[in-house]
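Observations on chain architecture
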Amino acid sequence: MALSGNERPAVLERLGRQIFDLVIVGGGINGAAAARAAVLRGYSAALVEQDDIGSGTSSRSSRLIHGGLRYLEQMELGLVFESVSERALLARAARHIVRPLQFVFPVYRGDRVGLGTVRLGMWLYDALALFRNYERHRKLAPEEVSQVVPGIREAALRGALGYYDYRTDDGRLVLENAIAAARGGAAVASYARVEGLEAGRRIKVVNVRDRLSGETLAVRGRTVLCAAGPWTDRVLGNSARHQRWLRPTKGVHIVVPHERLPVKSAVVMQHPADARVVFLLPFYERTVVGTTDTDFEGDPADANTTVGDVDYLLEAVAQYFPSAHLGRGDVFATWAGVRPLVQADTDDPSAVSREERIETLPGGVVVVAGGKLTTYRRIASACLDAAADVIAEAGGPPRRHEVEGERAPLPGGEGLETEARLEELGGRLSSRLNDPEVAAQLCHAYGSRAPQVLELVDERPELAGRMLPDLPLVWAQVVFAAREELALSLADVMVRRTQLTYRALDQGRGVAVRVAKLMGDELSWSEAKRKEELASYDRLLSLSFRNE
Ligand code: FAD
């Protein structure tokens, strides 16, 4: 089945009718990947997400597929080893959206961590990757650092280490998993909120409210996987004897124009106030700084960027790039995510482990929390291993183990087994469009699905035009999002499918009316619904940080 808004009535009807082996609550990376793994193992699966697919923490990360160099300091060697192994696997399975990125780790006289220690750490990092990373680390002399990172403070610079990790589009990574799950037969519904769980019997019942119609339905499953990320305690809180699982922390990123911090490599900065690592990251045609790490209470949906968050990140930039004079006024977009960290005995939020916890509760509900985007495939696999026993006990198929397909390419990565194949695809797209930048963007956003976007252009040539002159995004992507990628609201397209919210200097305000028109035509919106969508996107932007 396609992951299309037009299929929604049929999906909802199925959700109310069928008894599934597995019902998954939460369409973040863990839930979407578990749905994919479930259908690959031959289970029937339903995935219900309260908002857009991937709209929770999984589209608000630093977007790195990384071993997590800083976990070395905490001696979490197992986590780093697992992460670098998954990094290698993902770089093959999703070649289009998991791309190598050079990092520069500058070291100054008086830094908490000296050059020798960083170098040792780098060696260990490469060793844990069995020396098979994209490139091995190398030492950079102070003069070289200034060449690679223009504008970096030179005073007291002792040198740097250059190494590679990978960047991704986190929201699209989730989407690709959801697409694979739907193609494999999973019933995937967004804007479907779980309001109650009835466990403890053979067939569990998940009470779901369709947020678009207001109607409720009971979804039945042999087991339930709660993959609600930072909402875990809220979802489980409905059941008796619930003990708090999480110690959530908030992480903020700020986006500034590239000209203000023109970096091509990522830079690892140690914050002058607390020595925490803060990244400076090239982000499409912009630059991103992140992240903060502060305890968070309340509904994760309300997490927002404060002036204090922005100032904290600017302080790190001022230390490393004093001549940039970056100020609050340069920040044109931000995002805030909540880490679903598992409770730990520490006062320092940054010291809480990123390891996941997977447990089967006495009523037969499997819960997953914590973890990293990078290790999602292994987490999903472990969730399925835990669910398998409950499914079998509840009269479902006997226990099934991990299958090879779980390591196979995601939909956009199919046919792109080598870098040459990706380049070939880019060349083909380029020859069909007169705009190499657009061709490259389509190639990296959709991979082998990109020709499908061009089919829309064949039907309607006006969709080949750029949405904005300075961004390589085209109108066809809006129609494609509504038709093939389950975009049901204006924000789904603006924030996650195109990322205009973070890439356009006006956050997409200037094109919102046309986007709403194109979406409305696809999804049969009334005039009132179209206006409501525009107003709701405006509200969303008004909540984000403004220098006022
Ligand atoms: P989520 O993505 O939050 O998914 C849970 C979903 O459940 C949500 O979509 C939510 O809407 C849904 N839900 C909640 N309640 C209900 C309900 N009642 N009914 C239906 N659905 C419901 N990891 C990395 O590997 N690399 C990084 O660079 C990185 N950077 C990070 C930076 C920040 C600032 C943060 C916050 C995290 C970062 N992480 C990173 C960690 C990673 O993003 C998370 O571990 C991961 O995204 C968590 O995924 P999840 O599926 O558990 O949660």
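Residues numbered from 1 in each chain as written. Predicted model: local features only at pLDDT ≥ 70, side-chain atom pairs only at ≥ 80, totals over all residues. Heavy atoms only, no water.

Let's talk about the packing of aromatic side chains
We count it as follows: Only Phe, Tyr and Trp rings are paired, with Trp represented by its six-membered ring, and only when their centres lie within 6.5 Å; those with planes under 30 degrees apart are stacked, over 60 edge-to-face, the remainder tilted. For helices the rule is a DSSP run of H or I covering at least 4 residues; for strands it is a run of E covering at least 2, with both sets numbered from the N terminus onward. Burial classes follow relative accessibility: with a 1.4 Å probe on protein chains only, a residue under 20% of its type's maximum area counts as buried, one over 50% as exposed, and anything between as partly exposed. Charge over a ring is defined by NZ of Lys or CZ of Arg lying within 6 Å of the ring centre and within 35 degrees of the ring normal.
Per the stated rule, a full pass over the model turns up 10 aromatic pairs. Arranged with centres 5.7 Å apart and planes meeting at 80°, the rings of F103 and F279 form a pair that is edge-to-face. Residue F103 is found in strand β4 (residues 99-108), and its partner F279 is found in strand β13 (residues 277-283); the two are separated by 176 residues along the sequence. By relative accessible area, which is 1% here, F103 ends up buried. On the basis of relative accessibility, which here comes to 14%, the residue F279 falls in the buried class. Three or more aromatic residues link up through ring pairs in this structure, and these residues are F103, Y125, Y163 and F279. Over the aromatic face of W335 sits the side chain of R63, whose NZ or CZ is 4.8 Å from the ring centroid. The aromatic ring of Y284 is capped on one face by R503, whose charged end is 3.8 Å from the ring centroid.

Description of the nonpolar core
Just so we agree on the cut-off: Residue types Ala, Val, Leu, Ile, Met, Phe, Trp, Tyr and Cys, when buried and joined through side-chain atoms within 4.5 Å, form a set referred to as a nonpolar core. Contacts are assigned to residue pairs that have any heavy atoms within 4.5 Å of one another.
In terms of nonpolar packing, the biggest core is built from 79 residues, with F103, F105, L442, L490, L500, V515 and M519 touching the most fellow members. Among all residues touching F103, those that are not within four sequence positions of it are L64, L161, G162, Y163, D165, A266, V268, F279 and L281.

Some remarks on the domain arrangement of the protein chain
Inclusion rule: An automatic or database domain assignment provides the domain bounds reported here. For any pair of parts, buried area is found by adding up, for both, the accessible area (1.4 Å probe) each one loses once the two are put together. For this document, the term salt bridge refers to a Lys or Arg side-chain nitrogen within 4 Å of an Asp or Glu carboxyl oxygen. Think of a polar contact as two N or O atoms within 3.5 Å of one another; within protein, one of them needs to be a possible hydrogen donor and the other a possible acceptor, and neighboring residues in sequence only count if both atoms come from side chains.
In terms of domain boundaries, the protein chain breaks down into domain 1 (5-58 + 171-245 + 353-407), domain 2 (98-167 + 247-343) and domain 3 (416-542). For domain 2 versus domain 3, the distance between C-alpha centres works out to 29 Å. On the side of domain 3, 13 residues touch domain 2, which itself brings 11 residues to the contact. At the boundary of domain 2 with domain 3, total buried surface from both sides reaches about 990 Å², with 52% on carbon and sulfur atoms. Counting the surface domain 2 buries against domain 3, the share from its top three residues, R99, R286 and F332, is 47%. Counting across the domain 2 and domain 3 interface gives 3 salt bridges. Between D470 and R286 there is a salt bridge, with the nearest N and O atoms lying 3.2 Å from each other. Inspection of the region where domain 2 meets domain 3 yields 5 residue pairs in polar contact (both at pLDDT 80 or more). Contributing elements (two or more residues each) for the side of domain 2 that touches domain 3: β11 (249-257) and β16 (333-339). At 3 residues, β16 tops the list of elements feeding residues into the side of domain 2 that touches domain 3.

Comments concerning helix α10 (residues 376-393)
For clarity, the threshold we go by: By this rule, a helix spans an expected 1.5 Å times one less than how many residues it contains. In this scheme, the bend at a residue equals the angle between the axes fitted to the seven residues that finish there and the seven that begin there.
Helix length check: α10 (18 residues) gives 26 Å between terminal C-alpha atoms against 26 Å at 1.5 Å per residue, within 8%. Along α10, the sharpest kink reaches roughly 30°, centred on A387. Within the span of α10, buried status applies to Y376, R377, I379, A380, S381, C383, L384, A386, A387, A388, V390 and I391. Phi turns positive one or two residues past the end of α10, at G395, with a value near 90°.

Focus on the pairing of strand β1 (residues 19-25)
Selection criterion: We call two strands paired when DSSP finds no fewer than two bridges between them. With strands facing away from the observer, any crossover in which the path from the first strand over the helix to the second runs clockwise is taken as right-handed.
When you tally the buried positions in β1, you get 6 out of 7 residues, the bulk of the element. Pairing analysis gives 6 bridges linking β1 to strand β10 (residues 216-226), with the strands arranged parallel. Following the sheet pairing, V25 is matched in β10 by C226. As paired strands, β1 and strand β2 (residues 45-48) are joined by 4 bridges and run parallel to one another. Its bridge partner lying in β2, L22 is registered against A45. Crossover handedness for the path β1 to helix α2 (residues 29-40) to β2: right-handed.

Considering the site of the ligand
For the record, the criterion: Put simply, a residue is near a molecule or strand once any heavy atom of it comes within 4 Å of that molecule or strand. Accessible surface area values rest on a Shrake-Rupley calculation with a 1.4 Å probe, where residue burial reflects the displayed protein chains alone. Gly falls in the polar group here, along with every residue not listed as nonpolar (Ala, Val, Leu, Ile, Met, Phe, Trp, Tyr, Cys, Pro) or charged (Asp, Glu, Lys, Arg).
As a structural note, the neighbourhood of the ligand is formed by 37 residues, with E49, S58, L64, V194 and T374 the closest of them. Alone, the ligand offers 1,000 Å² of accessible surface; in the complex the protein occludes 96% of this. Residue assignment for the shell around the ligand shows that the elements contributing at least two residues are α2, β8 (192-198), β11 and β16. Of the residues belonging to the shell around the ligand, the class tally is 13 nonpolar, 18 polar and 6 charged. In this structure, the shell around the ligand is formed jointly by two domains, domain 1 (5-58 + 171-245 + 353-407) and domain 2 (98-167 + 247-343), each of which donates at least three residues.

Quick word on the pattern of salt bridges
Counting across every chain of the model gives 45 salt bridges. The closest approach of N and O atoms between R247 and D295, which form a salt bridge, is 2.9 Å. Of this pair, R247 sits in the loop between α8 (232-236) and β11 while D295 is found in strand β15 (residues 294-295), placing the two residues 48 residues apart along the sequence. Classification of R247 as buried rests on a relative accessible area of 13%. Put simply, E285 and R503 hold a salt bridge, and the shortest N to O gap is 2.9 Å. Here E285 is found in the loop between β13 and β14 (286-290), whereas its partner R503 is found in helix α16 (residues 500-503), with 218 residues between them in sequence.

Quick look at the pairing of β16
Counting buried residues in β16 gives 7 out of 7 residues, a clear majority hidden from the surface. Of the two faces of β16, the one carrying A333, W335, G337 and R339 and the one carrying T334, A336 and V338 are both buried. Of the strand pairs in this sheet, β11 and β16 are connected by 7 bridges, and their pairing is antiparallel. Its bridge partner lying in β16, K250 is registered against V338.

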